[in-house]
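Below, each chain spelled out in residue letters.
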Amino acid sequence: MTLHIPFDNTYTGLGPVFYSKQAPEPVSKPHMLAFNRDLAQLLGITPSDVPDMAEVFGGNRVPEGADPLAQLYAGHQFGTFNPQLGDGRAVLLGEVVGTDGLRRDIQLKGSGRTPYSRRGDGRAWMGPVLREYVVSEAMHALGIPTTRALAAVATGDPVWREGAMPGAVLTRVAASHLRVGTFQIFAARGETEALRRLTRYAIERHYPEVDGPMGLLRAVRDAQARLVAQWMSVGFIHGVMNTDNCAISGETIDYGPCAFMDVYNPSQVFSSIDRMGRYAYDNQPGIIVWNLAQLATALIQQMDDPQEAVEEATEIVHAMPGVIEKEWLSRFAAKIGIASPQPGDMALIEDLLERMAAGQADFTNTFRALAGEHARDQFLEPAAFDSWEKGWRQRLETEPDSKALMRQVNPAFIPRNHRMEEMIAAAVSGGMAPFERLMQVLARPYEDQPEHAELQNPPKPEEVVPATFCGT
Ligand code: AMP
Ligand code: MG
């Protein structure tokens, strides 16, 4: 069978100021590491044999109907505006409309240099590619909006990082790759017409029900508020919430130095380059508001009455912490078995979190254990849990299905850092069994899988992964 991808491209229609046409650069010896058949089916893709697909998803053959390009964007990186970024190591092959009627981008990441590569090599190595593959699919299974992974291909070429690493290409699927930074670049350049065109395109593609730039701002606010609350609820730390990594669609995008935490520590940072802790776990709600303010600033540039627009945009941005809090409360209330939060529940949740931090409790396992008997064992001083538990049990008396609710929202399995490192080390030496196992288990994160119980264990002291890297 020949590979068929039903491309239906619209981004090129925006006009050439938005991108540079760029084919992927060929690789020496493409070898398929992973292919997501379920996702392919959703996208209406007819697979071919594995070696043939490795040619396409490794970048050696541009499939029929693709119109590869590198997208232009800007962005605030760690708070500093970079007036021009763009896909420096990725190309958009094109878009498809899935069997669910949703339009998605298909992008190769690690596919070679583009006009936006600056000093980079345009490549990725196997570690970050497989990491993104596993974590993005795990996020999807957790029910959190995210880009997805269609394929991972080893290139057969070395990539120079700390030393020579085996190169790889990820095929990423996204609702779109429009970012806050896509708006920022045209606003910063004063290209109002392009900004207007982009705004219309984003509304039509993601939020057809909304009206105008301020309607878009409000919709992105709500989507991003929900997303951050979802991250918080599973102990996820994105690690690089730069405005170029903040998707208009509200999907999680750009899995670089991200990580799920083991022990609950609200100021946890993993990224080796985040020295100030800007993107620490509990800074994420504040940072997403900051990012939305940047989007507001960009969108305003196209308004006929800027003064009035500033007032409206300010109001929208100022309301965001309240929206996040509401989303946060409903998710954390569910985590302790409360379906409809009431006044006082916030304090109950915060009290538990404080005790978890002091007691060095594992975030995932503590919440999962609330529906069982062993939550207290997660705490250095179990008595700290016991004294909280009394008030909690009283509160649950009016919550009929608390156990079932908790089991639905508190995962048993997350992609733990030390398991990811183990998986990458194995893959580098040719063993894909740990990858396959993680994919299989993480596809059903809310189910007990006793035969894989060891994947629930936090790292032993010698297994702790203290830092993560961007993989660039
Ligand atoms: P990221 O931190 O992955 O969001 O990347 C930030 C910017 O750096 C983007 O414009 C990337 O395309 C670019 N970039 C990252 N890694 C590379 C690389 N290896 N070669 C060229 N550009 C890169
Ligand atoms: Mg990025």
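These figures come from a predicted structure and were not determined experimentally. (Residues numbered from 1 in each chain as written. Chains lettered and ligands numbered in written order. Predicted model: local features only at pLDDT ≥ 70, side-chain atom pairs only at ≥ 80, totals over all residues. Heavy atoms only, no water.)

## Points about the domain arrangement of the protein chain
Once the domains are mapped, the protein chain shows domain 1 (11-174) and domain 2 (330-409). Measuring from the centre of the C-alpha atoms in domain 1 to the corresponding centre in domain 2 gives 40 Å. (Domains from an automatic or database assignment.)

## Side note on the coordination of the magnesium ion (ligand 2)
Taken together, the protein donors to the magnesium ion (ligand 2) comprise Asn245 (OD1) and Asp254 (OD), at separations of 1.8 to 2.1 Å. For the residue pair Asn245 and Asp254, the accessibility class agrees, reading buried in each case. (Donors = N, O, S within 2.8 Å, 3.2 Å for Na, K, Ca; no water. Buried < 20%, exposed > 50% of the residue type's maximum accessible area, 1.4 Å probe, protein only.)

## Let's talk about the side chain of Arg395
Relative to the assigned elements, Arg395 resides in helix H12 (residues 382-396). What makes Arg395 buried here is its relative accessible area of 13%. Not counting the four nearest positions on each side in its chain, Arg395 is found in contact with Ile338, Ser340, Gln342, Asp345 and Leu348. (Helix = DSSP H or I, 4+ residues; strand = E, 2+ residues; numbered from the N terminus. Contact = heavy atoms within 4.5 Å.)

## Describing the site of ligand 1
Taken together, 18 residues lie around ligand 1, and Gly86, Gly88, Arg89, Gly122 and Asp254 are the ones closest in. In this structure, Asp121 approaches ligand 1 through a side-chain N or O atom, which is 3.0 Å from a nitrogen atom. Asn245 places a side-chain nitrogen or oxygen 2.9 Å from an oxygen atom of ligand 1. Out of a free accessible area of 480 Å², ligand 1 has 87% covered by protein chains. Its residues placed into classes, the shell around ligand 1 shows 2 nonpolar, 8 polar and 8 charged. (Near = heavy atom within 4 Å. Polar contact = N/O pair within 3.5 Å; in protein donor to acceptor, adjacent residues only side chain to side chain. Areas by Shrake-Rupley, 256 points an atom, 1.4 Å probe, with all protein chains shown as cover. Nonpolar A, V, L, I, M, F, W, Y, C, P; charged D, E, K, R; others polar.)

## Things to note about a negative patch on the surface
Taken together, the side chains of Asp305, Glu308, Glu311 and Glu315 present a region of like negative charge at the surface. Position of Asp305 among the secondary structure elements: in the loop between helix H7 (284-300) and helix H8 (306-318). Overall, Asp305 belongs to the partly exposed group, its relative accessible area being 38%. (Patch = residues over 30% accessible without salt bridge, like charges linked within 9 Å, V, L, I, M, F, W, Y side chains within 5 Å. Salt bridge = Lys/Arg side-chain N within 4 Å of Asp/Glu carboxyl O. Lys, Arg positive; Asp, Glu negative; His and termini not counted. Charge placed at Lys NZ, Arg CZ, Asp CG, Glu CD.)

## Thoughts on the packing of aromatic side chains
In total, this model carries 20 aromatic pairs according to the counting rule given. With a centroid separation of 5.0 Å and an interplanar angle of 40°, the aromatic rings of Phe78 and Tyr279 are classed as tilted. Of this pair, Phe78 sits in the loop between strand E4 (75-77) and strand E5 (80-82) while Tyr279 sits in the loop between strand E12 (259-260) and H7, and the two are 201 residues apart along the sequence. Classification of Phe78 as partly exposed rests on a relative accessible area of 28%. We classify Tyr279 as buried; its relative accessible area is 1%. Note on Tyr264 and Phe363: the rings are 5.8 Å apart at their centroids and 40° apart in plane angle, and the pair reads as tilted. Note that Tyr264 is positioned in the loop between E12 and H7 and Phe363 in helix H11 (residues 363-369), a separation of 99 residues in sequence. Positioned over the ring face of Tyr73 is Arg179, at 4.0 Å from the centre of the ring. For Arg278, the ring lying beneath its charged end belongs to Trp290, and the centroid distance is 4.7 Å. (Phe/Tyr/Trp six-rings, centres within 6.5 Å; stacked < 30°, edge-to-face > 60°. Lys NZ or Arg CZ within 6 Å of the ring centre and 35° of its normal.)

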